Amino acid sequence: MCGIVGYIGELDAKEVLLKGLEKLEYRGYDSAGIAVRNEDGITVFKEKGRIADLRAAIDTSVEASVGIGHTRWATHGVPNRKNAHPHQSATGRFTLVHNGVIENYHLLQKAYLKGIQLASDTDTEIIVQLVDLFVSEGLSTEDAFRKTLGLLHGSYALALLDREDADVIYVAKNKSPLLVGVADTFNVIASDAMAMLQVTNQFVELHDKEVVLVRKDGVTITNLEGTVMERAPFTAELDASDIEKGTYPHYMLKEMDEQPTVIRKIMQAYTGEDDALTVDPEILAALNEADRLYIIAAGTSYHAGLVGKEYFEKIAKIPVEVHISSEFGYNMPLLSEKPLFIFISQSGETADSRQVLVKIKEQGYKSLTVTNVPGSTLSREADYTLLLHAGPEIAVASTKAYVAQIAVLAVAAYVTAKEKGIDVDFDLKQELAIVANNIQTVIDRKDDLEKIAEDYLKIARNAFFIGRNLDFCVSLEGALKLKEISYIQAEGFAGGELKHGTIALIEDGTPVFALVSQKAVALNIRGNVKEVTARGANACIISMEGMAEDDDAFILPKTHALLTPLVSVVPLQLISYYAALHRRCDVDKPRNLAKSVTVE
Ligand code: AGP
């Protein structure tokens, strides 16, 4: 988590850095800071809170055309001004911003920095103190930076300023994302291209453990041995308007509204010249050769993986296991003979998933990443990538990426089945077109969903989401959406499972959202609803046309049985959104969270 930026050129660095940080705020938002360098030396501004608080605290009279900045999601040390980045060495010569976690910072402190009074509780400060120490022992700044990097265990994206040299920003990364943006009269750095689209769309990819010197008129990349690496820039295929809220009050609302378009874009992206759905032949071959798929993911992406398992098993007849990434890497199950690993990750940067990818690569297994971000770490490091084509997702609560993940997994399973000669009794393209329209129908009924949020959740302390089969998968996602943005304690359950213990929590008025979109188990889930209403629950039934009954609270348009998650999740997203609004929560930036979780 955390976002970093840097600028070296001719413009007012403060403004470029602040604008960049505003675009990176999704990565962390508990404190922020910038450091700028001019002929008077280095000036640091930092504040607890949002970028807006930092902006308010900045002395606008300080002019500089070199600087670095940071927006923080605290890992080491509470979120306060003292622990906010940038951090400075004791002599004040060096100033540093860091995204990541230095695992051996305590050991390094004991080994090298005993006599130095630290100013913060962060792991980051150790890095900047080490650089200063090695320079005081006679090394050049570049050599000291290089020597320090060699001692670090963990993840980092770093930018360092030297008070004695206004012409360079020292930059490096390991396991955390970082790009250099290039132009004729300036150069920039950023955790995400989005932050610097304001000034350039040309970016250079950095590799782990390279040492990069960013100057106004050039960028020098060297590997650990000091060999210069030549690398051409790429054009970031992002439209600045993709990352603006426009007239929407929240990114989450905008992103939910984009869901029909996302489905249509996926259909377009995965349609071949013969007008049929298609997937890269190499990926198809890998899917075909596998005797078992292992889906690895976290949070919402894990929930999408649960739906994906149904697709690969039911449509393509390939056995699938779905695992939470933070568990899998440290407790691997017995693997099949020819496994294929599928990493699902909106950001492509999730550290929990990446640690699994690193381990399975060491064991020689093939991997496929399903991600929204081309060029992201998981995409670069896996053998194959399937893109989501959802456009940037900025709200911390994932919505359009979830439906995109499910749709792309459906396409992959469907095309694999066709390739295998399996007789599939439906036309996925046709059904996805219906899904896009059905999502729009749900979105057009926002008022009804706002009313449901008010009726069921206005004074709720907790809530349950139940469903069976695919509806169970969606109930897990519904509960996650509600809790992460409204802070109402919420749990998703298989309909039949509540009575095995959790039903003890049902009291008069406890909201229970029940999904009824799976014909084979429609009666069973209605039976489960009766069990909870008999104990006082306030049940909100969301059913599908053809299975609806008179008192159901919301009826979904008829959708193919396997694709219902794409539609049934939408009312749950919107109910969560309105519940959070009623509680005056910060919908796009819920407390304690960040969009991209780059620490384990
Ligand atoms: C969901 O709303 C969350 N933002 C979170 O659970 C997220 O899905 C998880 O952190 C995984 O992120 P990824 O898809 O970028 O890997």
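Rules used in this analysis
Residues numbered from 1 in each chain as written. Predicted model: local features only at pLDDT ≥ 70, side-chain atom pairs only at ≥ 80, totals over all residues. Heavy atoms only, no water. Disulfide = S-S within 2.5 Å. Buried < 20%, exposed > 50% of the residue type's maximum accessible area, 1.4 Å probe, protein only. Domains from an automatic or database assignment. Buried area = accessible area lost by both parts, 1.4 Å probe. Salt bridge = Lys/Arg side-chain N within 4 Å of Asp/Glu carboxyl O. Axes fitted to C-alpha atoms, helices over the stretch in contact; angles between N-to-C directions. Helix = DSSP H or I, 4+ residues; strand = E, 2+ residues; numbered from the N terminus. Parallel < 35°, antiparallel > 145°, perpendicular 65-115°, else oblique. Left-handed = near helix turned anticlockwise from the far one by under 90°. Contact = heavy atoms within 4.5 Å. Nonpolar A, V, L, I, M, F, W, Y, C, P; charged D, E, K, R; others polar. Polar contact = N/O pair within 3.5 Å; in protein donor to acceptor, adjacent residues only side chain to side chain. Pairing = 2+ DSSP bridges. 1 Å grid on protein atoms, 1.4 Å probe; cavity = no way out; pocket = protein on both sides within 12 Å on 5 of 7 lines; lining within 4 Å. Points joined across faces, edges and corners; volume = space filled by probe spheres on them.

K.L.:
Hey, could you go over the state of the cysteines for me, with residue numbers and the actual values?
P.N.:
Taken as a whole and judged by the stated rule, the model has zero disulfides. Among the cysteines around Cys585, which has no disulfide bond, Cys540 carries the closest sulfur, lying 19 Å off. Judged by relative accessible area, Cys585 falls into the buried class, the value being 12%.

K.L.:
Lay out the domain arrangement of the protein chain in plain terms, naming residues and giving numbers.
P.N.:
When its domains are assigned, the protein chain resolves into domain 1 (3-241), domain 2 (245-442) and domain 3 (445-586). Taken over both partners, the interface formed by domain 1 and domain 2 buries close to 780 Å², and the fraction arising from carbon and sulfur atoms is 55%. Taken as a group, Tyr26, Lys175 and Met194 account for 40% of the area that domain 1 buries against domain 2, more than any other trio of residues on that side. At the surface where domain 1 touches domain 2, the tally comes to two salt bridges. Residue Arg354 is joined to Asp208 by a salt bridge in which the shortest nitrogen-to-oxygen separation is 3.5 Å.

K.L.:
Summarise the packing of helix H3 (residues 105-112) against helix H4 (residues 124-136); cite the residues concerned and give the values.
P.N.:
Between H3 and H4, whose axes approach to 10 Å, the crossing angle comes to 30 degrees. Considered as vectors, H3 and H4 are oriented roughly parallel to each other. In terms of crossing hand, the pair formed by H3 and H4 is left-handed. Seen from H3, the contacting residues are Tyr105, Leu108, Gln109 and Tyr112; seen from H4, they are Ile126, Leu130, Leu133 and Phe134. A class-by-class count of the residues in the contact of H3 with H4 yields seven nonpolar, one polar and no charged.

K.L.:
Can you break down the environment of Thr91 residue by residue, with the values?
P.N.:
Relative to the elements of secondary structure, Thr91 occurs in the loop between strand E5 (87-88) and strand E6 (94-99). Sequence separation between Thr91 and Leu133 is 42 residues, and the spatial gap between their C-alpha atoms is 9.6 Å. Beyond its immediate sequence surroundings of up to four residues, Thr91 is in contact with Asp132 and Arg163. There is a polar contact of 2.3 Å between the side chain of Thr91 and the side chain of Asp132.

K.L.:
I'd love a proper account of the sheet that holds strand E24 (residues 538-544), names of residues and values included.
P.N.:
Taken in spatial order, the five strands line up as E22-E21-E23-E24-E25 in an open sheet, and their pairing is parallel. The sheet terminates laterally at strand E22 (489-494) and strand E25 (554-556), the two strands that pair on one side only. Averaged over all pairs of adjacent strands, the angle between strand axes in this sheet comes to 20 degrees, irrespective of strand direction. The sheet contact formed by strand E21 (residues 462-467) and strand E23 (residues 511-516) spans three bridges and is parallel. Within E23, the position partnered with Phe464 by the bridge is Val512. The strands that helix H16 (residues 470-486) touches are E21, E22 and E23; relative to E22, the one it contacts most, it runs at about 175 degrees.

K.L.:
Can you lay out the layout of surface pockets for me, pointing to particular residues and giving the numbers?
P.N.:
In this structure, the largest pocket occupies an estimated 840 Å³ of space. Lining the largest pocket are 37 residues, with Asp192, Leu238, Asn372, Val373 and Pro374 sitting closest to its centre. Along the lines of polarity and charge, the residues of the lining of the largest pocket split into 15 nonpolar, 11 polar and 11 charged. When residues are assigned to domains, the lining of the largest pocket turns out to be shared by domain 1 (3-241) and domain 2 (245-442), each giving three or more.

K.L.:
Outline the side chain of Asp257, supporting the account with residue identities and numerical values.
P.N.:
Within the secondary structure layout, Asp257 lies in helix H6 (residues 251-257). With near-sequence residues (within four places) excluded, Asp257 lies in contact with Tyr248, Ile443 and Lys446.

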